Amino acid sequence: QVQLVESGGGLVQPGGSLRLSCVASGIWFRNYHMGWYRQAPGKQRELVARITTGGGTNYADSVKGRFTISRDNAKNTVDLQMNGLKAEDTAVYYCNARPWSTVGGDVWGQGTQVTVSS
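Residues numbered from 1 in each chain as written. Predicted model: local features only at pLDDT ≥ 70, side-chain atom pairs only at ≥ 80, totals over all residues. Heavy atoms only, no water.

Caption draft 1: Looking closely at the overall build of the protein. A tally of helices and strands in the protein yields zero helices and eleven strands. Start at the N end of the protein and walk to the C end: the helices and strands fall as β-β-β-β-β-β-β-β-β-β-β. A compact globule built from 118 residues should have a C-alpha radius of gyration of about 13 Å, and the protein, at 14 Å, falls within 12% of that. The proportion of buried residues among the 118 residues of the protein is 40%. Total accessible area on the protein stands at roughly 6,300 Å², and carbon and sulfur atoms take up 49% of it. The distance from the centre of the 12 positive side-chain charges to the centre of the 8 negative ones in the protein is 4 Å. (Helix = DSSP H or I, 4+ residues; strand = E, 2+ residues; numbered from the N terminus. Rg over C-alpha atoms; globule rule 2.2 N^0.38 Å. Buried < 20%, exposed > 50% of the residue type's maximum accessible area, 1.4 Å probe, protein only. Areas by Shrake-Rupley, 256 points an atom, 1.4 Å probe, with all protein chains shown as cover. Lys, Arg positive; Asp, Glu negative; His and termini not counted. Charge placed at Lys NZ, Arg CZ, Asp CG, Glu CD.)

Here it is in structure tokens:
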């Protein structure tokens, strides 16, 4: 029953914009920190952006000033607005839900491909 469903991935040109969305079900959404991770071929999965239950945010240095994470607790959604996309942003992007409590583990989305290319 617990799942994260993503949408919005695709192919965009350098300098373009893309908005990723993730809807959660089967969890008490307001008690989960939400995040977006990405993994490129041959590289470790890295945290792109995170938004806590209290609304605080953190971003990877490589995306600061370009990406914005937001959440809507009424809709159980978390979005990632990506502007000024670069080829280096090409990766599989994963939605993540992490409970504030130690009871229960992380929930991961299926991953969505983002490709930035001319």
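Having seen the model, we can carry on.
Caption draft 2: Seen up close, the side chain of Thr-112. As for its position among the elements, Thr-112 is in strand S11 (residues 112-116). Excluding residues that lie within four positions of it along the chain, Thr-112 makes contacts with Glu-6, Gly-9, Leu-20, Ala-91, Val-92 and Tyr-93. (Contact = heavy atoms within 4.5 Å.)

Caption draft 3: The pairing of strand S4 (residues 32-39), seen in detail. For S4, the tally of buried residues reaches seven of eight residues, placing the bulk of the element in the interior. In terms of strand pairing, S4 meets strand S9 (residues 91-99) through eight bridges, oriented antiparallel. Considered in S9, the bridge of His-33 is made with Arg-98. From the end of S4 to the start of strand S5 (residues 46-51), which pair antiparallel, there are six residues, and Gly-42 there has a positive phi angle of about 80°. (Pairing = 2+ DSSP bridges.)

So yeah, pure geometry; function would need other evidence.
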